[in-house]
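# Observations on chain architecture
The residues making up each chain are set out below.
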Amino acid sequence: MADDDKEIAFSEALEALLSEEQVPIHLLFRLSDMTKDEMQEFERVWPACTEERRRAIMRHLVDLSEEDFVVNFQPLFAYCMNDPHPEVRIASLDGLWDTTDLNLLEPIINRLESDSVAEVQAAAAGALAHYLLMSAWGELRGVPTGLIINALMAAFNNPDSPLVLRRVALEALGSVNLPDVYKAIEESYESPHRGLQLSALFAMGNSADPRWMPIILDEMENPYEEMRQEAVRAAGNIGDSQAVSRLAELAYDDNEDVAQAAIEALGEIGGDQVQEILLEMSEDLELENLEAVILQALEDASWSALDLQFGLMDDDFLEEEE
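Rules and cut-offs
- Residues numbered from 1 in each chain as written.
- Predicted model: local features only at pLDDT ≥ 70, side-chain atom pairs only at ≥ 80, totals over all residues.
- Heavy atoms only, no water.
- Helix = DSSP H or I, 4+ residues; strand = E, 2+ residues; numbered from the N terminus.
- Buried < 20%, exposed > 50% of the residue type's maximum accessible area, 1.4 Å probe, protein only.
- Areas by Shrake-Rupley, 256 points an atom, 1.4 Å probe, with all protein chains shown as cover.
- Lys, Arg positive; Asp, Glu negative; His and termini not counted.
- Charge placed at Lys NZ, Arg CZ, Asp CG, Glu CD.
- Phe/Tyr/Trp six-rings, centres within 6.5 Å; stacked < 30°, edge-to-face > 60°.
- Lys NZ or Arg CZ within 6 Å of the ring centre and 35° of its normal.
- Polar contact = N/O pair within 3.5 Å; in protein donor to acceptor, adjacent residues only side chain to side chain.
- Contact = heavy atoms within 4.5 Å.
- Axes fitted to C-alpha atoms, helices over the stretch in contact; angles between N-to-C directions.
- Left-handed = near helix turned anticlockwise from the far one by under 90°.
- Nonpolar A, V, L, I, M, F, W, Y, C, P; charged D, E, K, R; others polar.

### Topic: the overall build of the chain
A count of helices and strands for the chain gives 18 helices and zero strands. Taken along the three principal axes of its C-alpha coordinates, the chain extends 60 × 55 × 50 Å. The 322 residues of the chain split such that 48% are buried. Working note: accessible area of the chain is about 16,900 Å², and carbon and sulfur atoms make up 47% of it. Looking at charge distribution, the chain has the averaged site of its 19 positive side-chain charges lying 11 Å from that of its 68 negative ones.

Below you can see the structure in the form of structure tokens.
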């Protein structure tokens, strides 16, 4: 945010955001880390803003929160979960994609269980996925995972749940190591609904469990590019080296989205073999239009190799200590 923007009084910035013909993007940063008084002023004037402007502002805020990890719009997103317009509620839940605030679990679960709009319920299920992932990685303590899992499983198993909600609930459950979740993934994969099949592949990748690799490798041969693309992403998330040769082939897939996903997956897997493959690709004129993707994958692969090296060093150190 420019110094000139900081000098504008909060009330003036807020008025401009709500009333000018085009949303002044640079002033949106004034909504980050609001003081208690500023938040109260925001809550006072926000309901009078048109639905169209509320939607536009919220979508811009979500974009900013994904691009700039310094901004903090969390109190605003939490407040707007109760907005009368469903698209604003969806955006507010999307904005909480990386929250670690356990106090927000109850209102998010309430949206999952009781909102009248299926897309809002699905957005709430998506917001809960981050809590489960952070808990599974050991990066967030005190998460009531049982409460979250029960809410998501109820949404998935409810025969009256719309497909969009069942899909997102299943994807959110992917990181959970439980037999009921395995069963849900298997049943969805065997479902005649392509959407559920795609979500099953997503959940397989989210699990980081090599048990799913035979299915994922088979789906890399699927004639439908969306299935190949999801299988490729899942392979990258699991990080199993047995997928490397097939991913290298799919980097030349006729569908550019599949090819790009395959290259990105190689970068996630990493290792000496992958780095050699990516180096060869970087010199291949046939892949010239994906050069930036290949170079980024090379960088990711090198970091993966360093992570593995340091991980092995840590293991050796622990063995010596014992």
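### Regarding the packing of aromatic side chains
Scanning all chains against the criterion turns up five aromatic pairs. Arranged with centres 6.2 Å apart and planes meeting at 80 degrees, the rings of F73 and F77 form a pair that is edge-to-face. Each member of the pair, F73 together with F77, is buried. What links up through ring pairs into an aromatic cluster is the set F42, W46 and Y79. Here the basic side chain of R211 rests over the ring of Y182, its NZ or CZ set 3.8 Å away from the ring centre.

### Comments concerning the side chain of H130
Structurally, the position occupied by H130 is in helix α8 (residues 118–136). Given the relative accessible area of 15%, H130 is considered buried. At 3.5 Å, the side chain of H130 forms a polar contact with the backbone oxygen of W97. The contacts of H130, once residues within four sequence positions are left out, are W97, D98, T99 and T100.

### A closer look at the side chain of S65
For S65, the location among the structural elements is in helix α4 (residues 51–67). Given the relative accessible area of 11%, S65 is considered buried. A distance of 2.7 Å separates a polar side-chain atom of S65 from the backbone oxygen of V62. Setting aside anything within four residues of it in sequence, one finds S65 in contact with V71, F73, F77, G95 and W97.

### Some remarks on the packing of helix α11 (residues 179–189) against helix α12 (residues 194–207)
Between α11 and α12, the least distance of the axes is 7 Å, while the angle of their chain directions is 140 degrees. The hand of the α11/α12 crossing is left-handed. Between α11, through I185, S188 and Y189, and α12, the contact on the second element is made entirely by L196, Q197, A200, A203 and M204. Split into classes, the residues belonging to the contact of α11 with α12 amount to six nonpolar, two polar and no charged.

### Description of the environment of L112
The topology assignment puts L112 in helix α7 (residues 105–114). Note on L112: relative accessible area 2%, which makes it buried. For the pair L112 and S302, spaced 190 residues apart in sequence, the C-alpha to C-alpha distance is 40 Å. Excluding its chain neighbours within four sequence positions, the residues that come into contact with L112 are Q121, A124, A125, L128, A151, L152, A155 and L165.

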